[in-house]
Amino acid sequence: MLFQKSKHTLFVFLFALAGAVQAQAVKLPNVTILATGGTIAGTGATSTTTVGYTAATVGVQALIQAVPEITKVANVSGEQVFQIASENMSNEHWLTLAKRVNVLLSQPNVDGIVITHGTDTLEETAYFLNLVVKSRKPVVVVGSMRPSTALSADGPINLYNAVQLAGSQAAVGRGVLVAMNDQIHAARDVTKSNTTTADTFRTAELGMVGYLQGGKPFFYRDVTRKHTVETEFDVSKLDVLPQVDVAYAYANVGDVAVKALVAAGAKGLVHAGVGNGSLPAKTKPALVAAREKGVVIVRSARVGQGIVARNGEANDDQLDFVVSDTLSPQKARILLMLALTKTSDTKDIQRMFYTY
Ligand code: DGL
């Protein structure tokens, strides 16, 4: 009798264990999609309209419904944070988005986040979030180069890949990632390199971090600079970011742009210099004067790759300027903005440019 009872108990236990294992085996990650607009939400007049379409017209639920395969790989929910073409992205949009991301990621039932975004400023939003998201959970920024109505629209597969990546353990702790065209890029170093082609997102010399194949992520390298939970930046209580602008250099440039930006209230100024961040003679006095007024000056370069060497093309120690390291002018602006929420000490800011 006792044996019969213990056999029954064992059977019940094993049956429950099998069920639990099976449930664990098919437990899908919970991924939230935050939609902001862009071409991935765009529509064109015909299926061959790949330029001259309207960005930011399709809502997040329609984006999700257009890719039913997503529901097989994740429990997906969607929020329309805003609906804009990304050339109109602002500091205020970034603060709203970052705060929402951090609230969601603090919830134990959220495993990862996908942000659908226009590609024009996608790299900037990704880098901003890379510096202010306070979680190791995956945050994946995705867009498309063809509108949803186009032949071979790249949005659906990009979205499917991004959801897979955001739900994967392999993406945990790698900082904010950009998933486009079956490639995985780190937010710090990726840039849009072509005006219209689907392979536009490149990390030219420092290299992308992995591929997405068959919906699965394969990583081959990791980033060396600090990000997300390792940074000193916290925007949770900020409603405004310091005004930081970029002045572009070119043959025959003068000082009008620099003077105008300083007069308009810039607290920081990134100089997108020619070559190794060179300062044209007609521009330099205005930058020096700006520095004397307390504006923090960062020497960056318009060329796209390479290190802007400190004390190379200018005596930064004497001028009390900062150099951007390898950050593009548009990303140097982001780091300088966040740096100015912490300090105006140029030695400390230079440390930040060698850290993030
Ligand atoms: N207006 C551009 C943007 O929203 C369209 C480019 C795109 O999203 O691919 O960034």
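Residues numbered from 1 in each chain as written. Predicted model: local features only at pLDDT ≥ 70, side-chain atom pairs only at ≥ 80, totals over all residues. Heavy atoms only, no water.

Per an unreviewed UniProt entry, the protein chain goes by the name L-asparaginase/glutamin-(Asparagin-)ase and belongs to Massilia yuzhufengensis. Recorded under Sequence similarities (unreviewed entry), the UniProt text for the protein chain is reproduced unchanged: "Belongs to the asparaginase 1 family." (UniProt positions renumbered as here; feature names shortened; annotations may be inferred.)

Looking now at the overall build of the protein chain. The secondary structure content of the protein chain amounts to eleven helices and 14 strands. Projected onto its principal axes, the C-alpha coordinates of the protein chain cover approximately 95 × 55 × 35 Å. Expressed as a percentage of the 356 residues in the protein chain, the buried residues total 50%. At a minimum sequence separation of 6, the contacts of the protein chain that also span at least 24 residues come to 73%. (Helix = DSSP H or I, 4+ residues; strand = E, 2+ residues; numbered from the N terminus. Buried < 20%, exposed > 50% of the residue type's maximum accessible area, 1.4 Å probe, protein only. Contact = heavy atoms within 4.5 Å.)

Let's shift gears to the pairing of strand E13 (residues 296-301). Within E13, six of the six residues are buried, leaving the element largely enclosed by the surrounding structure. Side chains Val-296, Val-298 and Ser-300 of E13 all project onto a buried face; the interleaved residues Ile-297, Arg-299 and Ala-301 project onto the opposite face, where all are buried too. Sheet topology note: the strand E12 (residues 268-273)/E13 ladder contains six bridges and is parallel. Bridge assignment links Gly-273 to a residue of E13, and that residue is Ala-301. Handedness of the β-α-β unit built from E12, helix H8 (residues 284-292) and E13 comes out right-handed. (Pairing = 2+ DSSP bridges. Right-handed = clockwise from strand over helix to strand, strands pointing away.)

Let's shift gears to the UniProt feature "binding site: substrate" (unreviewed entry) in the protein chain. Mapped onto this numbering, the UniProt entry annotates "binding site: substrate" (unreviewed entry) at Ser-86, Thr-119 and Asp-120. For the residues just named, distributed over 35 residues, the greatest C-alpha separation is only 6.9 Å, placing them together at one site. Here Ser-86 is to be found in the loop between strand E2 (75-84) and helix H4 (91-105). A relative accessible area of 2% places Ser-86 in the buried class. When sequence neighbours within four positions are dropped, the list of residues in contact with Ser-86 reads His-117, Gly-118, Thr-119, Asp-120 and Thr-121. Looking at Ser-86, its side chain comes within polar contact range of the main-chain oxygen of Gly-118, at 3.3 Å. Structurally, Thr-119 is set in the loop between strand E3 (112-116) and helix H5 (122-132). Filtering out sequence-adjacent residues up to four positions away, Thr-119 remains in contact with Ser-86, Gly-143, Ser-144, Met-145, Met-180, Lys-192 and Phe-201. (Polar contact = N/O pair within 3.5 Å; in protein donor to acceptor, adjacent residues only side chain to side chain.)

When you tally the buried positions in E3, you get five out of five residues, the bulk of the element. Every second residue of E3 is oriented toward a common face, with Gly-112, Val-114 and Thr-116 on one face and Ile-113 and Ile-115 on the other, all of them buried. By the bridge criterion, five bridges tie strand E1 (residues 30-37) to E3 in an arrangement that is parallel. Considered in E3, the bridge of Thr-32 is made with Ile-113.

Okay, the nonpolar core next. Within the largest apolar cluster, 81 residues are counted, with the highest numbers of intra-cluster contacts made by Val-114 and Phe-128. Not counting residues up to four positions away in its chain, the partners in contact with Phe-128 are Trp-94, Leu-95, Ala-98, Val-235, Leu-241, Ile-334 and Leu-338. Counting 13 residues, the second-largest nonpolar core is a separate cluster that includes Val-258, Val-262, Leu-279 and Ala-290. (Core = buried A, V, L, I, M, F, W, Y, C linked by side-chain atoms within 4.5 Å.)

On to the pattern of salt bridges, then. Inspection of the entire model under this criterion finds 14 salt bridges. Among the salt bridges present, the one from Arg-351 reaches Glu-232, with a minimum N-O distance of 2.8 Å. Taken together, the residues Arg-351 in helix H11 (residues 346-355) and Glu-232 in the loop between strand E10 (216-219) and strand E11 (244-248) connect sequence positions 119 residues apart. Given a relative accessible area of 34%, Arg-351 falls into the partly exposed group. Look at the salt bridges and you will find they share partners, linking Arg-188, Asp-189, Arg-225 and Asp-325 into a network. (Salt bridge = Lys/Arg side-chain N within 4 Å of Asp/Glu carboxyl O.)

A few words now on the environment of His-271. Take His-271: it is sitting in strand E12. Distance from His-271 to Tyr-248, taken between C-alpha atoms, is 6.2 Å for residues 23 residues apart in sequence. Other than its neighbours up to four places away in sequence, His-271 contacts Ala-247, Ala-249, Ser-278, Leu-279, Pro-280, Thr-283, Leu-287, Val-298, Arg-299, Ser-300 and Ala-301.

Our focus in this paragraph is the side chain of Ser-168. Topologically, Ser-168 is positioned in the loop between helix H6 (155-166) and strand E5 (177-180). Not counting the four nearest positions on each side in its chain, Ser-168 is found in contact with Pro-138 and Pro-217.

The next subject is the sheet that holds E11. Here we have four strands laid out as an open sheet, ordered E11-E12-E13-E14, and parallel in their pairing. Each having just a single partner strand, E11 and strand E14 (322-323) make up the two edges of the open sheet. Across two bridges, E13 lies against E14 in parallel orientation. Counterpart to Val-298 in the pairing with E14 is Val-322. The strands touched by H8 are E12 and E13; relative to E13, the strand with the most contacts, the crossing angle is about 145 degrees. (Axes fitted to C-alpha atoms, helices over the stretch in contact; angles between N-to-C directions.)

It is worth spelling out the packing of H5 against helix H10 (residues 329-339) at this point. Between H5 and H10, whose axes approach to 10 Å, the crossing angle comes to 30 degrees. The angle between the axes of H5 and H10 places the two elements in the roughly parallel class. In terms of crossing hand, the pair formed by H5 and H10 is right-handed. Residues Glu-123, Glu-124, Tyr-127, Phe-128, Leu-131 and Val-132 of H5 form the contact with H10, whose participating residues are Gln-330, Lys-331, Ile-334, Leu-335 and Leu-338. (Parallel < 35°, antiparallel > 145°, perpendicular 65-115°, else oblique. Left-handed = near helix turned anticlockwise from the far one by under 90°.)

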